[in-house]
Amino acid sequence: MGDRLAVLPQYLLPKRMLTAFAGKCAASHARWWTRSVIPWFIARYGVNMAEAADPGAGGYACFNDFFTRALRDGVRPLAQADFVSPVDGAIIQCGQIEGDQLLQAKGHRYSTRALVGGDARLAARFDDGQFATLYLSPKDYHRIHMPCDGRLVRMTYVPGQLFSVNPTTTRGVPGLFARNERVVCVFDSARGPFVLILVGATIVGSIATVWHGVVNPRRLTVVREWHYDEQAISLRQGEEMGRFLLGSTVVMLFPKDMLRLCADWVSTRAVRMGEAMAVSVVR
């Protein structure tokens, strides 16, 4: 009950208006703005700028450039693993999909069908499979990378709400990740299909992919889909596939009998991009 009361104001706030305003501020090139907000943000959230390719707060033309900053070469080496973490963040939940149900938090489950935007055929491919939900906090590196080699099959934009995705909201809003705006990226791999879902949130200015650019420059009210069957868009393990312009959450879906998550992948654990996530059971 405490978490539900804590998130009650989010139902009342003008989330789209706040998000649009935050997006404009984050894209602003006004020097007085960047010189004040970027140092404040670094101090407020304890951002480790020593890992950044450009460690100086004054080297970024706008807040978005700082927020999606590149890392120095070598600070995120790829583990010798079949599947690696695609992001820096914290594990919200991970493990087996029970039928078509994913665990969001204690007392909350939601369906793969709702998560992927209502596509029952796509969702059925992940019945009894494996999932992982990773939360990117404000201090984290906000580019998203490939957990394994993959060929892009299609991308779907699913309109939705813009609730926060912090741990309190995850516990307090039922079906949160299937309610918020999201971009569903479907890949094929040598071991089978997998899906990366990039979930939007309050003040997330937009979501971008390397093959499309910004997917949601303006909020749409209908599902939109792109197919890539006739395009050879293939990405290697560890290669960047997208980024959040202000942070959020990634949900990954894998079919039954495709992989086994590492034993230390448990709820609330911090992870870093490139660390071992799972081993394949498909050879």
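In the block above lies the structure referred to throughout.
Residues numbered from 1 in each chain as written. Predicted model: local features only at pLDDT ≥ 70, side-chain atom pairs only at ≥ 80, totals over all residues. Heavy atoms only, no water.

Caption draft 1: A look at the packing of aromatic side chains. Counted by the stated rule, this structure contains 15 aromatic pairs. Between F187 and W211 the ring centres are 6.1 Å apart and the planes differ by 80°, which places this aromatic pair in the edge-to-face class. Residue F187 is located in strand β8 (residues 182-189), and its partner W211 is located in the loop between β10 (206-209) and β11 (213-214); the two are separated by 24 residues in the primary sequence. With respect to class, F187 is no different from W211; both count as buried. Residues W211 and Y228 carry aromatic rings whose centres are separated by 6.5 Å and whose planes lie at 75° to one another, so their mutual orientation is edge-to-face. On the criterion of sequence distance, the pair formed by W211 in the loop between β10 and β11 and Y228 in the loop between β12 (224-227) and β13 (234-235) is long-range, its members being 17 residues apart. Across this residue pair, the class does not change: W211 and Y228 are buried. In textbook terms, an aromatic cluster arises when at least three aromatic residues are bridged by ring pairs, as seen for W40, F41, Y45, Y60, F63, F66 and F67. (Phe/Tyr/Trp six-rings, centres within 6.5 Å; stacked < 30°, edge-to-face > 60°. Helix = DSSP H or I, 4+ residues; strand = E, 2+ residues; numbered from the N terminus. Buried < 20%, exposed > 50% of the residue type's maximum accessible area, 1.4 Å probe, protein only.)

Caption draft 2: The arrangement of the sheet that holds β11 in detail. Across the sheet, which stays open at both edges, the 4 strands sit in the order β6-β14-β10-β11 with antiparallel pairing between neighbours. The strands lining the two open edges of the sheet, one partner per strand, are β6 (143-145) and β11. As paired strands, β10 and strand β14 (residues 240-245) are joined by 4 bridges and run antiparallel to one another. In the sheet register, I207 faces β14, and the bridge partner there is F244. (Pairing = 2+ DSSP bridges.)

Caption draft 3: A look at the nonpolar core. One finds F187, W211, M241 and V250 to be the most contacted residues of the largest nonpolar core, which totals 38 residues. In terms of nonpolar packing, the next biggest core, distinct from the first, is built from 26 residues, Y110, L115, V165 and V186 among them. (Core = buried A, V, L, I, M, F, W, Y, C linked by side-chain atoms within 4.5 Å.)

Caption draft 4: View of the layout of surface pockets. Roughly 300 Å³ of volume is contained in the second largest pocket. Those elements that provide at least two residues to the lining of the second largest pocket are β2 (89-96) and β17 (270-271). Across the lining of the second largest pocket, the residue classes tally to 7 nonpolar, 4 polar and 8 charged. (1 Å grid on protein atoms, 1.4 Å probe; cavity = no way out; pocket = protein on both sides within 12 Å on 5 of 7 lines; lining within 4 Å. Points joined across faces, edges and corners; volume = space filled by probe spheres on them. Nonpolar A, V, L, I, M, F, W, Y, C, P; charged D, E, K, R; others polar.)

Caption draft 5: Up close: the pairing of strand β9 (residues 192-199). Among the 8 residues in β9, 8 count as buried, and that is most of the element. Note: β8 against β9, 8 bridges, orientation antiparallel. Bridged to F187 within β9 is F194. Here β8 folds back onto β9, and the loop between the two strands holds 2 residues.

Caption draft 6: Quick look at the state of the cysteines. Tallied over the full model, the rule gives 0 disulfides. Lacking any disulfide linkage, C94 is separated from the closest cysteine sulfur, that of C262, by 9.9 Å. The class for C94 is buried, based on a relative accessible area of 18%. (Disulfide = S-S within 2.5 Å.)

Caption draft 7: Just unusual backbone geometry, in detail. Its identity as a non-glycine residue notwithstanding, D128 has a phi of 60°, on the positive side. Not every positive phi belongs to a glycine, and D257 is a case in point at roughly 65°. Mapped onto the elements of the fold, D257 is located in the loop between β15 (249-254) and β16 (259-261).

Caption draft 8: Region of interest: the side chain of T68. For T68, the position within the fold is in the loop between α4 (63-67) and β1 (83-84). At a separation of 2.8 Å, a polar atom in the side chain of T68 contacts the main-chain carbonyl oxygen of N64. Those residues within four positions of T68 in sequence are excluded, and the remaining contacts are R143, R243, F244 and L245. (Polar contact = N/O pair within 3.5 Å; in protein donor to acceptor, adjacent residues only side chain to side chain. Contact = heavy atoms within 4.5 Å.)

Caption draft 9: Looking closely at helix α3 (residues 31-45). Between its first and last C-alpha atoms α3 spans 21 Å; for 15 residues at 1.5 Å apiece the expected length is 21 Å, and the two agree. Of the positions making up α3, those classed as buried are T34, V37, I38, F41 and I42. The buried side chains of α3 occupy one side of the element, clustering within an arc of 130° when seen end-on. Within α3, the exposed residues directed more than 90 degrees away from the buried face are W32, R35, A43 and R44. The secondary structure elements touched by the buried residues of α3 are α4. Directly beyond the C-terminal end of α3, a positive phi value near 65° is found at G46. (Expected span 1.5 Å × (residues − 1). Arc of directions from axis to C-beta.)

Interpretation note: all reported values are geometric properties and have no functional meaning in isolation.
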